[in-house]
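Next come the chains, spelled out residue by residue.
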Number of protein chains: 2
Amino acid sequence: MIFKNLSIDCVIFGFRDNKLNVLLWQPEPEIVKKLLILNDVYLEFKEIYENNPALKSDKHWGLIGMHLPVEEDLNDYTKKILEMATGLQNIYLKQFQTFGGINRIPHTRVLTVAYYALINPEYHDLKLSPVAKAVKWFDIDNLPDVAYDAKDIISHALKTLREEAKYHPVGFHLLPDKFTLNELQTLYEVILGKTLDTRNFRKKILNMNLLMDTGEKQKHVAHRAAKLFSFDMEMYNKLREEGLNFSI
Amino acid sequence: MIFKNLSIDCVIFGFRDNKLNVLLWQPEPEIVKKLLILNDVYLEFKEIYENNPALKSDKHWGLIGMHLPVEEDLNDYTKKILEMATGLQNIYLKQFQTFGGINRIPHTRVLTVAYYALINPEYHDLKLSPVAKAVKWFDIDNLPDVAYDAKDIISHALKTLREEAKYHPVGFHLLPDKFTLNELQTLYEVILGKTLDTRNFRKKILNMNLLMDTGEKQKHVAHRAAKLFSFDMEMYNKLREEGLNFSI
DNA sequence: CCAAAAGTGTTAGACCTACACCCATGA
DNA sequence: TCATGGGTGTAGGTCTAACACTTTTGG
């Protein structure tokens, strides 16, 4: 049994080509069917699906999400949805808002608990996901037509992420294990929406003792190769707890 | 019609006797009945009520909240609940988390959208509320027995409030319109859980240009009378947007 | 050797911290 | 006049902001 009036949506952020992207899906009938069978909720879901023509449109994309089964824990089930959609485990995930407007979805009343997730698209293996064919990254400044109030949800997620990134070192989840200082700087410029001074940025970051020099360097680049850093989990967890001021 | 598996809970914070307090209620049958009739949802609510013996206990207190009527907007309805419970309008209110654990409430599955509110107890008129007799302030470090997972919800609310207070000037909602710098300092000491240096606190606060000297002073106090300040709404809104570092 | 990005240091000003005494008031 | 809390200044250290050139690499 699922809650017909309660769904979960995930705004999955990734950092690609120096831009923030969001992972959206387009529910194709075959894929939806597969998903539903996997979850033993076919009939109920089918009803919801049939009653929502927008879900079948091939012009509209949607946030990755589902209705919550009655017997599932809210947070745990969201993790399952994410694993299914990305093939990744241990994703950074944050519940940020529950949307409960009256007319957000026509002809029915559904509340949506919204989460955002931060992943590194490099590690995201579309082939591992049963919904692979319908999943695609979109530049956050260039979203397609999107179902219902997904745009609101995305912009709210972005606002919350920006706020969080000011004071907590969350941005790292969007990078590969090894990254250059310039990649990190660009990421923060994109998240915070302003340009940063390179020298000051480096000083500040390195002073936090958050980064470890891996000893490796970039390879095959047509310019001086940059050092690769990874981040120190222990310090990361400490700074996450304490908070920090990143509003450079 | 109400959502039987979706409720709203409000953690209402007030600042009394130099301590953070929470407003809790004890649903007495008469009062519950009144509430239910007011909301035209008597029968459904009665069923929920009858099936939850904990709600009738006179040992347990609960957060102020109700199930959401299907035709009501989530945020708007929460405001209504608050107005009903406190007699106040325009309360500072923040949705901070939706609780969706499987066994949070025995024998039934209810998800709860939780909010916290900040009010100044001075202005809170119990007589204006239809649930007046059952409502009481409790010191946050000295809570009574509480229904279900209310303790979790309260401690989560407190954590979120602390986090918010570090970077946004929200504490002011807990004070009367006119207050002394020492009241403000004590409030921040309580919220942040540490003592602050008086001289440094004053310098920092006054430098923000957030406070206006009302020209008035305390009266009838057995010591030098302190200046009364109010705060500048314009600057307040600016600082709320921008964020600030209050982690003194 | 050229293009492209990596990497680096200094200075002036702002802000933070630590710290101790006199002042105004009512009882 | 005393008890109580209100109110103030300074100095040293740390952090921030602004700013331009040299280094390394592959093509």
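Scroll up to find the structure this text is about.
Residues numbered from 1 in each chain as written. Chains lettered and ligands numbered in written order. Predicted model: local features only at pLDDT ≥ 70, side-chain atom pairs only at ≥ 80, totals over all residues. Heavy atoms only, no water.

Colleague: Any chance you could explain unusual backbone geometry here in plain terms?
Modeller: Residues and elements named next belong to chain A. Residues other than glycine seldom take positive phi values, yet aspartate 17 does so here, at roughly 50°. Looking at the secondary structure, you find aspartate 17 in the loop between β1 (2-16) and β2 (19-25). In this structure, asparagine 90 is a non-glycine residue whose phi angle is positive, near 55°. Assessed through its relative accessible area of 79%, asparagine 90 is described here as exposed. (Helix = DSSP H or I, 4+ residues; strand = E, 2+ residues; numbered from the N terminus. Buried < 20%, exposed > 50% of the residue type's maximum accessible area, 1.4 Å probe, protein only.)

Colleague: Is there a simple way to think about the protein's contact with DNA strand D in this case?
Modeller: Surveying the vicinity of DNA strand D reveals 20 residues, the closest of which are A:Val221, A:Arg224, B:Lys203, B:His223 and B:Lys227. When the atoms of DNA strand D within 4 Å of the protein are sorted by group, sugar and phosphate make up 44%. With respect to DNA strand D, the side chain of A:Asn200 contributes an N or O atom lying 3.0 Å from a base nitrogen. Measuring from a phosphate oxygen of DNA strand D, one finds a side-chain N or O atom of B:Asn182 at 3.2 Å. Listing elements by their share of the surface near DNA strand D, those giving two or more residues are α6 (198-207) of chain A together with α6 (198-207) of chain B. Per-element accounting of the surface near DNA strand D gives the leading share, four residues, to α6(A). Within the surface near DNA strand D, the residues separate by chemical class into six nonpolar, four polar and 10 charged. (Near = heavy atom within 4 Å. Polar contact = N/O pair within 3.5 Å; in protein donor to acceptor, adjacent residues only side chain to side chain. Nonpolar A, V, L, I, M, F, W, Y, C, P; charged D, E, K, R; others polar.)

Colleague: How do you make sense of the relation of the copies chain A and chain B when you look at a structure like this?
Modeller: The relation between the two copies of this chain is a rotation about an axis and a shift parallel to it. For the pair chain A and chain B, the superposition axis carries a translation of 0.0 Å, the fit reaches an RMSD of 0.0 Å, and the rotation angle comes to 180°. Viewed as a symmetry operation, the transformation between the two copies matches a two-fold axis. Both copies share a contact surface, since 100% of the interface residues of chain A are interface residues in chain B too. (Least-squares fit on C-alpha atoms with pLDDT ≥ 70 in both. Contact = heavy atoms within 4.5 Å.)

Colleague: Sorry if this is basic, but what is going on with the protein's contact with DNA strand C here?
Modeller: Looking at DNA strand C, there are 19 residues lining it, with A:Arg199, A:Lys203, A:Lys227, B:Asn200 and B:Val221 nearest. Protein-proximal atoms of DNA strand C, defined as those within 4 Å of the protein, fall in sugar or phosphate at a share of 46%. At 3.3 Å from a base nitrogen of DNA strand C is found a side-chain nitrogen or oxygen belonging to B:Lys203. Measuring from a base oxygen of DNA strand C, one finds a backbone N or O atom of B:Ala222 at 3.5 Å. Only α6 of chain A together with α6 of chain B provide two or more residues apiece to the surface near DNA strand C. In terms of residue count, the dominant contributor to the surface near DNA strand C is α6(B) (four residues).

Colleague: Explain the packing of aromatic side chains to me, please; I cannot follow it from the model alone.
Modeller: Aromatic rings in a pair are described by how distant their centres are and how their planes are angled relative to each other. On inspection of all chains with the given rule, the structure shows 19 aromatic pairs over all chains. Aromatic pair B:Phe172 and B:Phe179: ring centres 6.1 Å apart, planes at 50°, arrangement tilted. Exposure class is identical for B:Phe172 and B:Phe179. Each is buried. Every member of this aromatic cluster is reached through a ring pair, and the members are A:Phe172, A:Phe179, A:Tyr188, A:Phe231 and A:Tyr236. (Phe/Tyr/Trp six-rings, centres within 6.5 Å; stacked < 30°, edge-to-face > 60°.)

Colleague: How do you make sense of the pattern of salt bridges when you look at a structure like this?
Modeller: Residues and elements named next belong to chain A. This model, assessed by the stated rule, comprises 16 salt bridges over all chains. Residues lysine 19 and aspartate 139 are paired through a salt bridge, measuring 3.5 Å at the closest nitrogen-oxygen approach. One end of the pair, lysine 19, is in strand β2; the other, aspartate 139, is in strand β6 (residues 135-139), with 120 residues separating them in the sequence. With a relative accessible area of 42%, lysine 19 lands in the partly exposed category. (Salt bridge = Lys/Arg side-chain N within 4 Å of Asp/Glu carboxyl O.)

Colleague: Can you help me understand the interface of chain A and chain B in this one?
Modeller: Much of the literature gives interface size as the accessible area that the parts lose upon coming together. Taken together, the 27 residues of chain A in the interface contact 28 residues of chain B. Between chain A and chain B lies a buried interface of about 2,000 Å² when both sides are counted; carbon and sulfur atoms form 50% of it. In this assembly, chain A and chain B are joined by 13 residue pairs in polar contact (both at pLDDT 80 or more). Only β1, β3 (62-69), β4 (92-99), β5 (111-118) and α4 (150-167) of chain A provide two or more residues apiece to the side of chain A that touches chain B. A per-class count over the side of chain A that touches chain B returns 11 nonpolar, nine polar and seven charged. (Buried area = accessible area lost by both parts, 1.4 Å probe.)

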